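Summary of structural features
Below, each chain spelled out in residue letters.
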Amino acid sequence: MEPGRGRFVQGGDLRVWVWEEGVVGAVPVVLVHGFPDTSAVWGEVAGRLGGRFHVIRYDVRGFGGSGAPGGGKEGYLVERLVEDLVAVVREVVGGPVHLVGHDWGSTQGWAAVAARPDLFLSFTSISGPDLGHVADWVRRNRSRPVKVFGVVRRSWYIAGFKVPVVPELVWRVPVVRRWLHAGRRELVNGLGLYRANVGRRRARPVSVRVPVHQVELTDDPYVVREHLEAAEPWVGELSRSVLHAGHWAPRTHPEEVARHIEDVIDRVGGGK
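For the structure given in this document, a descriptive report is provided here. (Residues numbered from 1 in each chain as written. Predicted model: local features only at pLDDT ≥ 70, side-chain atom pairs only at ≥ 80, totals over all residues. Heavy atoms only, no water.)

1. Structural notes on the overall build of the protein chain
Just so we agree on the cut-off: A helix here means a DSSP run of H or I that spans at least four residues, while a strand means a run of E at least two residues long, and both kinds are numbered starting from the N terminus. Each radius of gyration is computed over the set of C-alpha atoms, and the globule rule expresses the reference value as 2.2 Å times the number of residues to the power 0.38. In this analysis, two residues are considered to be in contact whenever any of their non-hydrogen atoms come within 4.5 Å of each other. Computed by Shrake-Rupley with a 1.4 Å probe, the accessible areas treat only the displayed protein chains as cover when residues are assessed. Only four residue types enter the tally: Lys and Arg on the positive side, Asp and Glu on the negative side, with His and both chain ends excluded. Working definition for charges: the position is that of NZ of Lys, CZ of Arg, CG of Asp or CD of Glu.
In terms of regular secondary structure, the protein chain is built from twelve helices and eight strands. At 18 Å, the protein chain has a C-alpha radius of gyration in line with the 19 Å of a compact globule built from 272 residues. In terms of overall dimensions, the protein chain has C-alpha extents of about 50 × 40 × 35 Å along its principal axes. Long-range contacts, defined here as pairs at least 24 residues apart, represent 73% of the contacts in the protein chain between residues at least 6 apart. For the protein chain, the accessible area works out to roughly 12000 Å², and carbon and sulfur atoms hold 55% of it. Positive and negative side-chain charges of the protein chain, numbering 36 and 30 respectively, have mean locations separated by a distance of 6 Å.

Printed below as a string of structure tokens:
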């Protein structure tokens, strides 16, 4: 295993900070973080995968060492996130990779594998449903309002994130930042993800041809089984495993998360 190395890659309209480690020339695995993390949340997972794979992780736009978009919330549209991900895959690997996403990293991963299936060998989704799948699930369950409310209420915090100014003031409180293991830059910029994408009118979801594996976190207060099941009508090859952990499993249970990822890669035939 070679020592890690960092560099910038030109994303859609800004520079993205990328970190590579593991075995150069081995099967490539790209890890994408969510809110309000940076690529550092994958540190221990990447260390475990690095013995077998070429591991690539990067800071999403507005986070960590990557640039932040100008011009308001439109810079955080999922389409812009996908442009950055595609740029990283093309520049660093030049061919298809195994993709792993957590939280918003998973949400953008869904959009990426739907738009560019040629670039991905598999997709492992952890606590980040596709927004279109969830909207479709809500429509299909309109006649069951109690069930829908039980799922939608898990996202109560999003309404607060969309309120102007107030969240930015909350992020100034040091104890809040420590509780979330996050910096103020990430917390403030990350609001753009919610304000640009949640509640946005969207087209019918696109069928996903890439093999997808969902890791169900049993103690996740934000993402429940129904969020995962929302993908079932839209994915041709879908599997699921269970991990008894909370939302930030990549940080709290890195060994188990790495093992789930390895199992997926081995099953689809991409491991060595």
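Further notes follow.
2. A word on the pairing of strand β3 (residues 28–32)
In the case of a regular strand, side chains alternate between the two sheet surfaces. Stated precisely, the cut-off is as follows: Only protein chains enter the accessibility calculation, which uses a 1.4 Å probe; a residue whose area is less than 20% of its type maximum is buried, one above 50% is exposed, and one in between is partly exposed. We call two strands paired when DSSP finds no fewer than two bridges between them. Whether a crossover is right-handed comes down to one check: with the strands pointing away from the viewer, does the path from the first strand over the helix to the second run clockwise; if it does, it is right-handed.
Counting buried positions along β3 gives five out of five residues, so the element sits mostly inside the fold. Relative to strand β4 (residues 54–58), β3 runs parallel, the two sharing five bridges. Across the sheet, residue Pro 28 finds its bridge partner in β4, namely His 54. Following the chain from β3 across helix α1 (residues 43–49) to the adjacent parallel β4, one finds a crossover that is right-handed. Where β3 meets strand β5 (residues 97–102), four bridges bridge the pair, whose relative direction is parallel. Bridge pairing links Val 30 to Leu 99 in β5.

3. Details of empty space enclosed by the protein
Going by this rule: Grid spacing is 1 Å over the protein atoms alone, the probe is 1.4 Å, and a cavity is where that probe fits but cannot get out, while a pocket is an open set with protein on both sides within 12 Å along at least five of seven lines and lining residues have an atom within 4 Å of a point. Grid points are joined across faces, edges and corners, and a volume is the space filled by probe spheres set on the points. Here the term charged refers only to Asp, Glu, Lys and Arg, the term nonpolar to Ala, Val, Leu, Ile, Met, Phe, Trp, Tyr, Cys and Pro, and the term polar to all other amino acids, Gly among them.
Taken as a whole and judged by the stated rule, the model has two cavities of 30 Å³ or more. Its boundaries defined by the atoms lining it, the largest cavity holds a volume of some 60 Å³. What lines the largest cavity is simply Trp 110, Ser 125, Ile 126, Ser 127, Gly 128, Pro 129, Asp 130, Gln 214, Val 223, His 227, Leu 228 and Ala 231. Counting residues per element, the ones that place at least two in the lining of the largest cavity are β6 (120–126) and α10 (225–229). Tallied by class, residues from the lining of the largest cavity come to six nonpolar, five polar and one charged.

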